[in-house]
Amino acid sequence: MRAFAEQVFASETKDEDVRDEISMFDVAEDCPIMHQELALHLQEDEDVEKRKKRHQRSRTMAVPVACTSHSSLAPVVELEVDTPTYLEVPDFQRVAIIGDYASGVTMDDFELSCKGIYRAMTIREKYMRLAFQRFPNTTSQYLREIEGEPYKPEDQVQPEFTRPPKNGEDPFDTSTLPKNLGYEARMKDGVIYVYKDKAAADKHQPHKLPCPDYDTFIDDMNFLIALIAQGPTKTYTHRRLKFIMSKFNVHEMLNEMEEMKELKLNPHRDFYNCRKVDTHIHAAACMNQKHLLRFIKRSYRVDADRVVHNMKGKDMTLKEVFQSLNLHPYDLTVDSLDVHAGRQTFQRFDKFNAKYNPVGASELRDLYMKTENHINGEYFATIIKEVASDLEDAKYQYAEPRLSIYGCNPSEWTKLSGWFVRHRVFSPNFKWMIQVPRIYDIFRAKNFIPHFGKMLENIFLPVFQATIDPHSNPELSIFLQHVTGFDSVDDESKHSGHMFCSKSPKPEEWDIPKNPSYTYYIYYMYANIAMLNQLRRERGMNTFLFRPHCGEAGAVTHLLAAFMTADNISHGLNLKKSPVLQYLYFLGQIPIAMSPLSNNSLFLEYAKNPLLEFHKKGLEPLMEEYAIAAQVFKLSTCDMCEISRNSVLQSALSDEEKTCFLGSHYLKEGPEGNDIRKTNVAQIRMAYRYETLCYELNLIKEGVKSE
């Protein structure tokens, strides 16, 4: 398995110019199995017998139908001319295929594909549970059915988020912090372990917290690499995805008017007063360019003579800073500020990052968009609080801005949390995330850190220590209550040439000035987050999600690593290159925060963005640019409200907030979990999504249990 995985990795990382027209992970629009080949398969006696048996069992295929009852499994009805209706969902026209529903692939290929997909889903479920991340109940129910085990709702895990403060409560109150456990935290082989005391740490006798097993993870990863390159599985999933998209088009054609009728009868609620969350935003880019320009001019009017910068040991006032740049704020315009990505940044990640420097001056970035500077990040905090105030006034919009921890120094957490508490950068409309740039190579080249393990230690050890003894660093402990997850960011198109495997050096041994692979980063971030969540859950604290940037560029193996470890991802463009992964993301209902405008400036033209395709297939796409997408992709009101609802579900809003915004049963799937009065999503649409997912899962169940 490992040898095959290495071959696949080598094939995937070949130079683009010499790659075959159809790559190992891609599928042509026409049928991957030629018609003559298929005809030969169908003539085999054994295969014909299997098809006859299956056809007898599936003459009227049992299809789950969305229901609002409280039973553990959806009822199953036989498809007849008169389909049943249910109380809270209007009757609508369903699209169904009667007969041999595995047609298009041979029975052997169908069974082989289903078994591989089943194992892949159990792999994801295992790693989600280990880190207290989300896994869909419906998929879990079908997996238990396949295994012949009873489904236990209490076995499902959910992340813990800090509830919003009630009236009169101080979000920075340290009096409720728990006491010191007296544990010891140390890193070994790139993962922080918790010990009862120093003596146990010296003997490496860790506190009994479940943790990911390195060798098992490698085996699971190699299996998935082989699966996404497996011909029969690529063919099967490609056909299923085409069917699902065609099915949605027919559903829309038949039921669009009925969905609109539901929305018209829904009082008060429309797209503009549905809750929506920008799940993919960087704190340094949370303001628009006009807002930044206004703030720069205002700060100059008020603070021109204030010392704000130190250059080579010399204090400089704001006026002197602008004079050194040969600028005057009065002359600045949106165009001269030049912080908007355009055509010149396409396929140029370096130029894209340079847009964070106003007027191309790093001094202004340090002054206005950094938490660490001569004025302790005061201007940056003020801008963020102004953005938060605008969101609070808008009432229905929320955001999840990212702040950076680099891992260059262990004091980064103390400085960042000090900035957060000192300036009281809190808003009920903001949920904070930590982004970790993958720039170990830069730090190592400058000799800031001795090896990759030290970078991981600087990122995670302070958080473990604040979890064990919150009073040792109360500002960090308070800040962590408002942090909801970790992100991994950088240019994915940069290739390291290293394949993560059992022979990979441990982080403490990785001392070369070369960046580890994307999967290497992802595994060690996930492993530490899983361990941290186990400890924080034991202490009754909030937990963290892992939500990396993934699939914007680079190899599709990035998406495979995220499938195993991430609660949800940002971008996901490269899913269009792998039908197997795309189908797995659909079955796992993994949310994808898509950013068509950002991609348009960097990697992919807007019109070619797969957002609409993913939406039709039910891959839970999300995006922050509703108005433009609605025009370009011709999205209906129901489409827009469904994407808004998905953004709230994917977000790290607390259980109380989601109950208020989505309804008291939001954790249930299908129409039973949708309160149209709050979400403005038609129950017909929710029923369609639920039944489509159940249909596909039922196929997997039949394929696995057919023997």
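Along each chain, residues carry numbers from 1 onward, in the same order as the chain's sequence is written. Only residues with pLDDT of 70 or above have their local features reported here, since the model is predicted, and side-chain atom pairs are shown and tallied only from 80 upward, although totals for entire chains, interfaces and linings are computed over all residues. In computing side-chain properties, one takes all heavy atoms of the structure into account and sets aside hydrogens as well as water.

**Brief notes about the side chain of His309**
Line of reasoning, step 1. Put simply, DSSP H or I for four residues or longer makes a helix, DSSP E for two residues or longer makes a strand, and each gets a number counted from the N terminus. Along the chain, His309 falls in strand E6 (residues 307-311).
Line of reasoning, step 2. Residue contacts are counted whenever heavy atoms from the two residues lie within 4.5 Å of one another. Each residue touching His309, except ones within four places of it in the same chain, is listed here: Lys314, Asp315, Met316, Val321, Glu363 and His374.

**Here's the deal with the nonpolar core**
Line of reasoning, step 1. With 170 residues, the main nonpolar core has Tyr368, Ile434, Phe486, Tyr585 and Ile700 as its most contacted residues.
Line of reasoning, step 2. Counting residues per element, this core draws most heavily on helix H19 (residues 518-538), which supplies 14 residues.
Line of reasoning, step 3. If we ignore the near neighbours within four places in the chain, the residues touching Phe486 are Trp413, Met433, Ile434, Val436, Phe460, Met525, Ile529, Phe544, Leu545, Phe546, Arg547 and Pro548.
Line of reasoning, step 4. Here the nonpolar core consists of buried residues drawn from Ala, Val, Leu, Ile, Met, Phe, Trp, Tyr and Cys, with membership extended through side-chain atoms lying within 4.5 Å. Classification of residues uses two cut-offs on accessible area relative to the type maximum, computed with a 1.4 Å probe and protein chains only: under 20% is buried, over 50% is exposed, and between them is partly exposed. Of all hydrophobic cores here, the second largest spans seven residues; its members include Val277, Val648, Phe661 and Tyr666.

**What to know about the environment of Val425**
Line of reasoning, step 1. Along the chain, Val425 falls in the loop between helix H15 (412-422) and strand E9 (432-437).
Line of reasoning, step 2. Val425 gets classed as buried once you look at its relative accessible area, which sits at 2%.
Line of reasoning, step 3. In this structure the C-alpha to C-alpha distance between Val425 and Lys385, which are 40 residues apart in sequence, comes to 6.4 Å.
Line of reasoning, step 4. Not counting the four nearest positions on each side in its chain, Val425 is found in contact with Phe172, Ala381, Ile384, Lys385, Trp419, Phe420 and Trp432.

**Observations regarding the confidence of the model for the protein**
Line of reasoning, step 1. pLDDT expresses how confident the predictor is about each individual residue, on a scale running from 0 to 100. Chain-level pLDDT for the protein is 84 on average; 81% of the residues reach the 70-or-more range.
Line of reasoning, step 2. When the criterion is pLDDT under 50, residues 15-27 qualifies, and its contacts beyond four places in sequence or with other chains add up to 24 contacts.
Line of reasoning, step 3. Counted against residues more than four places away or in other chains, residues 345-349, with its pLDDT under 50, gives 19 contacts.

**Things to note about the packing of aromatic side chains**
Line of reasoning, step 1. Centres within 6.5 Å are what make two rings of Phe, Tyr or Trp a pair, Trp counting through its six-membered ring; a difference in plane orientation under 30 degrees is then read as stacked, over 60 as edge-to-face, and the rest as tilted. If you walk through the whole model with that rule in mind, you get 38 aromatic pairs.
Line of reasoning, step 2. Considering the side-chain rings of Phe420 and Trp432, the 6.0 Å spacing of their centres and the 85 degrees angle between planes classify their relative orientation as edge-to-face. With Phe420 in helix H15 and Trp432 in strand E9, this pair connects stretches of sequence that are 12 residues apart. Here Phe420 matches Trp432 in class, with each residue buried.
Line of reasoning, step 3. A connected cluster of aromatic rings, assembled from ring pairs, spans Tyr127, Tyr214, Phe217, Tyr440, Phe452, Phe500, Trp510, Tyr520, Tyr521, Tyr523, Tyr524 and Tyr526.
Line of reasoning, step 4. Lysine NZ or arginine CZ positioned within 6 Å of the ring centre and within 35 degrees of the ring normal marks a charge as sitting over the ring. Of note, Lys247 hangs over the ring of Tyr695, and the distance from its end group to the ring centre comes to 5.1 Å.

**A few points about the pattern of salt bridges**
Line of reasoning, step 1. Salt bridges are identified by distance alone: a Lys or Arg side-chain nitrogen within 4 Å of an Asp or Glu carboxyl oxygen. Applying the stated criterion across every chain yields a total of 27 salt bridges.
Line of reasoning, step 2. Between Glu378 and Arg306 there is a salt bridge, and its shortest N-O distance comes to 2.7 Å. With Glu378 in helix H14 (residues 378-394) and Arg306 in the loop between helix H9 (289-303) and E6, the pair connects residues that are 72 residues apart, well separated along the chain.
Line of reasoning, step 3. Classification of Glu378 by relative accessible area gives partly exposed; the value is 27%.
Line of reasoning, step 4. The residue Lys431 makes a salt bridge to Glu657 at a minimum N-O spacing of 3.2 Å. Here the residue Lys431 occupies a position in the loop between H15 and E9, and Glu657 occupies one in helix H26 (residues 655-662), the gap between them amounting to 226 residues.

**Things to note about the pairing of strand E3 (residues 184-188)**
Here is the key point about a regular strand: its side chains alternate between the two faces of the sheet.
Line of reasoning, step 1. Judged from the five bridges that link them, E3 and strand E4 (residues 191-195) form a sheet pairing that is antiparallel. Within the sheet, the bridge partner assigned to Arg186 lies in E4 and is Tyr193.
Line of reasoning, step 2. Linking two consecutive strands that pair antiparallel, namely E3 and E4, is a turn of two residues; a positive phi of about 55 degrees is found at Asp189 within it. The pairing criterion is simple: DSSP has to find at least two bridges between the two strands.

**Notes on the packing of helix H8 (residues 231-264) against helix H25 (residues 637-650)**
Line of reasoning, step 1. In this description, a line fitted to the C-alpha atoms serves as the axis of each element, helices being fitted only across the stretch in contact, and the angle between N-to-C directions of two axes falls anywhere from 0 to 180 degrees. Running from N to C, H8 and H25 point in directions that differ by 85 degrees, and their axes come no closer than 9 Å. Between H8 and H25, the angle is such that the two are roughly perpendicular. Along its contact with H8, which presents Phe248, Glu252, Glu259, Met260 and Leu263, the element H25 presents Thr637, Cys638 and Asp639.
Line of reasoning, step 2. Ten residues, namely Ala, Val, Leu, Ile, Met, Phe, Trp, Tyr, Cys and Pro, are considered nonpolar, four, namely Asp, Glu, Lys and Arg, are considered charged, and the remaining ones, Gly among them, are considered polar. Classifying every residue of the contact of H8 with H25 by side-chain character gives four nonpolar, one polar and three charged. Between 65 and 115 degrees an angle is taken as roughly perpendicular, under 35 as roughly parallel, over 145 as roughly antiparallel, and anywhere else as oblique.

**What about the pairing of strand E8 (residues 397-404)?**
Line of reasoning, step 1. Burial of E8 is extensive: six of the eight residues sit out of reach of the surface.
Line of reasoning, step 2. Here strand E5 (residues 276-282) pairs with E8 via five bridges, running parallel. Considered in E8, the bridge of Lys276 is made with Gln397.
Line of reasoning, step 3. Across three bridges, E8 lies against E9 in parallel orientation. Note on E9: the bridge partner recorded for Leu403 is Ile434.
Line of reasoning, step 4. Consider the strands pointing away from the viewer: the crossover is right-handed when the path from the first strand over the helix to the second runs clockwise. A crossover links E8 with its parallel partner E9, the connecting element being H15, and its sense is right-handed.

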